[in-house]
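# A look at the structure
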Amino acid sequence: MVTRRSLLVFAGSSAGAVALPAVPARAGGQGAIDLPAPTSPRPVGTVDLHLVDHDRDDPLAPDRRPRELMVQLWYPALTTAGHCRAPYTTSRVAAALEAGLPLKPGTLGAVRPHARTGAPAVPGALPLVLLGHGRKGGRSNCTALAEELASYGYLVAAIDHTYDAAVVEFPDGRAVHSVPPEESDDWDRQERLEIAARVGDLRFVATTLTRRRGSPCADPRRIGVVGHSMGGAAAAELLRVDGRFAVGVNLDGALFGSSVPDLGLDRPYLLLTALEDHDTWRRWREHQRGWGRQLRARDTGHLTFTDLPHFAVAGGLGESWPPDLYAELLGTLAPARSTELIRTYTRLCFDRFLKGRPSPLLDGPSARYPEVDFRWARG
């Protein structure tokens, strides 16, 4: 049964692990659905990485094994000539996401990003932005945002958090589905376990990319993090425990599973929300010591901050969800407009703190974006 709680994720949950072929998703008779193009003319490349952290046992696996991750990189490319347009995801991952929402079969196969697979990266170390998904989401959920940041010169690394993401598909054909959290009277403990696993993943990926030889590679002096929903809470906790990260952005994520609401942060943190307010955000404001902003984007919903609004109608989601639930989770703002303001404020925050380029849009309300309310500011 569809509930508001079950739909605060990008897909439903399923357990187990099966062997799946890693092939691109293909449209089931639908016309192409183009994601919004990056607003910079610079071309974008993308590659997938399979990473294994041999120094850490997987805290979410049913047996003791090294933590294993899939990561997708987006980066500014020298050229995209001769390189194919990247698929949104693989067919098996697409099927799981489509069934969980639900969307018409073939919807995600029709979605077309703009990055080109394997295009050569520009030389030199790039400012790094790590990107985290919501609970039971996946690394492709915010592709439009990732491509925008990459087109402006960032190396963006989106992580599938194994056993949390809807499906993680590995190069050898294995696929690991999300494992529902155990029923517990201590949800704070469960959420802290999940956030700690995500923070460990983010720290490991940052270390790997800053030590990487060749292109693309990351500048260890310029690292930021952005996350949607639970990914936003993990971004806050990451800033609290790891001094390498200069700035964080939270896309409508309550700060569960983290000590940040009661301790604050000494570094910049932007909270961009659909909700007017939340208890964990109020507590964070009371303790925040560094630069901070809480901006509300009116007429948006929790899932507005993903790519979903761009294919929800074509995928028949309005036929599956009650109208009030659809409006609550996807908002009523036009998808092109909501993506524009989310990408703009996120990029400008990273530009300010990773590139030293301040913008007046971060200092107060603007007639350019009247939908954005400045709920709170410090610094």
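Notes on the structure in this doc start here. (Residues numbered from 1 in each chain as written. Predicted model: local features only at pLDDT ≥ 70, side-chain atom pairs only at ≥ 80, totals over all residues. Heavy atoms only, no water.)

To continue, consider the overall build of the protein chain. Across its full length, the protein chain carries ten helices and 15 strands. Against the compact-globule benchmark of 21 Å for 379 residues, the protein chain has a radius of gyration of 19 Å, which places it among compact chains. The principal-axis extents of the C-alpha atoms in the protein chain amount to approximately 50 × 50 × 45 Å. Burial status across the protein chain gives 59% buried among its 379 residues. (Helix = DSSP H or I, 4+ residues; strand = E, 2+ residues; numbered from the N terminus. Rg over C-alpha atoms; globule rule 2.2 N^0.38 Å. Buried < 20%, exposed > 50% of the residue type's maximum accessible area, 1.4 Å probe, protein only.)

This part is about the pairing of strand β10 (residues 174–177). One ladder, built from three bridges, connects strand β9 (residues 167–169) with β10; its direction is antiparallel. What sits directly across from Val168, in β10, is Val176. Following β9, the chain reverses through four residues before pairing antiparallel with β10; Gly173 in that reversal takes a positive phi of roughly 100°. (Pairing = 2+ DSSP bridges.)

Bringing the side chain of Thr304 into the picture now. Position of Thr304 relative to the elements: it lies in the loop between β14 (292–297) and α8 (317–320). Overall, the relative accessible area of 3% leaves Thr304 in the buried class. From its side chain, Thr304 meets the backbone nitrogen of Gly301 in a polar contact 2.7 Å long. From its side chain, Thr304 meets the backbone oxygen of Leu330 in a polar contact 2.9 Å long. Apart from residues no more than four positions distant in its own chain, Thr304 is found in contact with Pro309, Leu329, Leu330, Gly331, Ser338 and Ile342. (Polar contact = N/O pair within 3.5 Å; in protein donor to acceptor, adjacent residues only side chain to side chain. Contact = heavy atoms within 4.5 Å.)

Right, let's get into the side chain of Ser40. Residue placement: Ser40 occurs in the loop between β2 (33–34) and β3 (44–57). On the basis of relative accessible area, Ser40 is assigned to the buried category, the value being 14%. Looking at Ser40, its side chain comes within polar contact range of the main-chain oxygen of Ser151, at 3.0 Å. Each residue touching Ser40, except ones within four places of it in the same chain, is listed here: Ser151 and Tyr152.

So, about the environment of Tyr269. Relative to the elements of secondary structure, Tyr269 occurs in strand β13 (residues 269–273). Using a relative accessible area of 0% as the deciding quantity, one classes Tyr269 as buried.

Here we come to the sheet that holds strand β7 (residues 125–132). Pairing in this open sheet of ten strands is mixed, and the strands run β6-β3-β4-β8-β7-β11-β12-β13-β14-β15 from one edge to the other. The open sheet has two free edges, formed respectively by β6 (116–117) and β15 (372–378), since each of these has just one partner strand. Relative to strand β8 (residues 155–160), strand β4 (residues 66–76) is paired through five bridges, and the arrangement is antiparallel. Counted as the bridge partner of Met70 is Asp160 from β8. Strands in contact with helix α5 (residues 230–241) are β7, β11 (217–228), β12 (247–251) and β13; relative to β11, the strand with the most contacts, it is inclined by about 140°. (Axes fitted to C-alpha atoms, helices over the stretch in contact; angles between N-to-C directions.)

Most of helix α3 (residues 143–151) is tucked away, with nine of its nine residues classed as buried. Taken together, the buried positions of α3 are Thr143, Ala144, Leu145, Ala146, Glu147, Glu148, Leu149, Ala150 and Ser151. Among the structural elements, β3, β4, β7, β8, β12 and α10 (335–354) are those in contact with the buried residues of α3. Looking at the residues trailing α3, positive phi occurs at Gly153, about 100°.

What follows deals with the packing of helix α4 (residues 187–210) against α5. It is the contact of α4 with α5, at a shortest axis distance of 9 Å, that shows an interaxial angle of 65°. Put simply, α4 runs roughly perpendicular to α5. Classified by chirality, the crossing of α5 by α4 is right-handed. Note on element contacts: α5 touches α4 through Met230, Gly231, Ala233, Ala234, Glu237, Leu238 and Val241, opposite Glu194, Ile195, Arg198, Val199, Leu202 and Arg203. Among the residues forming the contact of α4 with α5, the class breakdown is eight nonpolar, one polar and four charged. (Parallel < 35°, antiparallel > 145°, perpendicular 65-115°, else oblique. Left-handed = near helix turned anticlockwise from the far one by under 90°. Nonpolar A, V, L, I, M, F, W, Y, C, P; charged D, E, K, R; others polar.)

Per the counting criterion, the structure on display carries seven aromatic pairs. Between the aromatic rings of Trp291 and Phe353, the centroid separation amounts to 4.8 Å while the plane-to-plane angle is 65°, which identifies the pairing as edge-to-face. Highlighted residues: Trp291 in the loop between α7 (279–287) and β14 and Phe353 in helix α10, separated in sequence by 62 residues. Phe353 sits in the partly exposed class, given a relative accessible area of 25%. An angle of 65° between the planes, with centres 5.6 Å apart, marks the rings of Tyr345 and Tyr369 as edge-to-face. Here the residue Tyr345 occupies a position in helix α10, and Tyr369 occupies one in the loop between α10 and β15, the gap between them amounting to 24 residues. By relative accessible area, which is 0% here, Tyr369 ends up buried. (Phe/Tyr/Trp six-rings, centres within 6.5 Å; stacked < 30°, edge-to-face > 60°.)

Function cannot be read off these values alone, since they describe shape.
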